[in-house]
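This is what each chain is made of:
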Amino acid sequence: MIEFFFDCSSPWTWLAFRNLQPIARELGVEVRWRPVLVGGIFNAVNPSVYEFRERGVPAKQAYLRKDLQDWARRAGLTIRFPPTVFPVNSVKAMRGCLLLEAEGRLLPFAEAVFEAYWTRDRDISQDSVLAELCERVGVEPERFLAGIARPEVKSALKANTDEVIARGGFGSPTMFVGGDDMYFGNDRLVLVRDAVLRRQAAQPRD
């Protein structure tokens, strides 16, 4: 199994979210999608992210923008960076991913959130935008907005965030293969694939 800890407020996470799915299908491996709040991770263990945004090396920042567009082109995605609202408060969207997981709608909802924010420049912190996305994936908006306010949904998002920190994560996307083998970032998916293949090869055969 691959665990995928993610926050839709990261463009690199959208790339990994999109690119991991065909790998999982190819290898016949389950992916457990684990919504988190990446701002909580940064605040707890990786505050240097904020400093880089404000005072990072200009040449490196320019290269990272180019790198993002190169990866987006390869994945067939259109990513606007930075969007008008950046960074964005993604807490309601990520609670929504958790809420819809039990209904089997996490994947289409998360994809809709990624696309709304990174391609269409919509502010995913707004209830009106989330309501539109709900309608796109066949979810009743009023039920959704009531659901993400439930204490158990809020607690579940915090628990996921605390868990990935405790397991050594420092951002999004963070992936684990077999429970203890951690990988970070879209550009590590080739290593994730290799790790899955190693574990499959080591399994005893009948």
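Residues numbered from 1 in each chain as written. Predicted model: local features only at pLDDT ≥ 70, side-chain atom pairs only at ≥ 80, totals over all residues. Heavy atoms only, no water.

Caption draft 1: Looking closely at the nonpolar core. Ile-2, Phe-4, Phe-6, Phe-109 and Phe-144 are the most contacted members of the largest nonpolar core, which has 55 residues in total. The element best represented in this core is helix H6 (residues 106-118), accounting for nine residues. Discounting residues that sit within four places of it in the chain, Ile-2 has contacts with Leu-20, Val-29, Glu-30, Val-31, Arg-32, Met-175, Phe-176, Val-177, Val-192 and Val-196. Val-36, Ile-41, Val-164 and Phe-176 belong to the second-largest nonpolar core, a separate cluster that totals five residues. (Core = buried A, V, L, I, M, F, W, Y, C linked by side-chain atoms within 4.5 Å. Buried < 20%, exposed > 50% of the residue type's maximum accessible area, 1.4 Å probe, protein only. Helix = DSSP H or I, 4+ residues; strand = E, 2+ residues; numbered from the N terminus. Contact = heavy atoms within 4.5 Å.)

Caption draft 2: Main features of the pattern of salt bridges. Applying the stated criterion across every chain, the model contains 18 salt bridges. Its salt-bridge partner being Asp-162, residue Lys-158 comes within 2.7 Å of it at the nearest N-O pair. Here Asp-162 and Lys-158 lie together in helix H9 (residues 151-166), a separation of four residues that amounts to about one turn. Owing to a relative accessible area of 52%, Lys-158 belongs among the exposed residues under this scheme. (Salt bridge = Lys/Arg side-chain N within 4 Å of Asp/Glu carboxyl O.)

Caption draft 3: Spatial organisation of the packing of helix H1 (residues 11-27) against H6. Remark: H1 packs on H6, axes separated minimally by 10 Å, with the N-to-C direction vectors making an angle of 140 degrees. As far as their axial angle goes, H6 and H1 are oblique. Crossing of H1 over H6 shows left-handed handedness. Residues Pro-11, Thr-13, Trp-14, Phe-17, Arg-18 and Gln-21 of H1 touch H6, and the partners they reach there are Leu-107, Ala-110, Glu-111, Phe-114, Glu-115 and Trp-118. Among the residues forming the contact of H1 with H6, the class breakdown is seven nonpolar, two polar and three charged. (Axes fitted to C-alpha atoms, helices over the stretch in contact; angles between N-to-C directions. Parallel < 35°, antiparallel > 145°, perpendicular 65-115°, else oblique. Left-handed = near helix turned anticlockwise from the far one by under 90°. Nonpolar A, V, L, I, M, F, W, Y, C, P; charged D, E, K, R; others polar.)

Caption draft 4: Structural view of the sheet that holds strand S3 (residues 174-177). With respect to topology, four strands assemble into an open sheet ordered S2-S1-S3-S4, the strand pairing being mixed. Edge positions in the sheet fall to strand S2 (31-35) and strand S4 (181-184), since each of these pairs with one other strand and no more. Direction aside, neighbouring strands of the sheet carry axes that sit 20 degrees apart on average. Note: strand S1 (residues 2-6) against S3, four bridges, orientation antiparallel. Bridge pairing links Ile-2 to Val-177 in S3. Sheet strands in contact with H1 are S1 and S2, and its direction is about 165 degrees off that of S1. (Pairing = 2+ DSSP bridges.)

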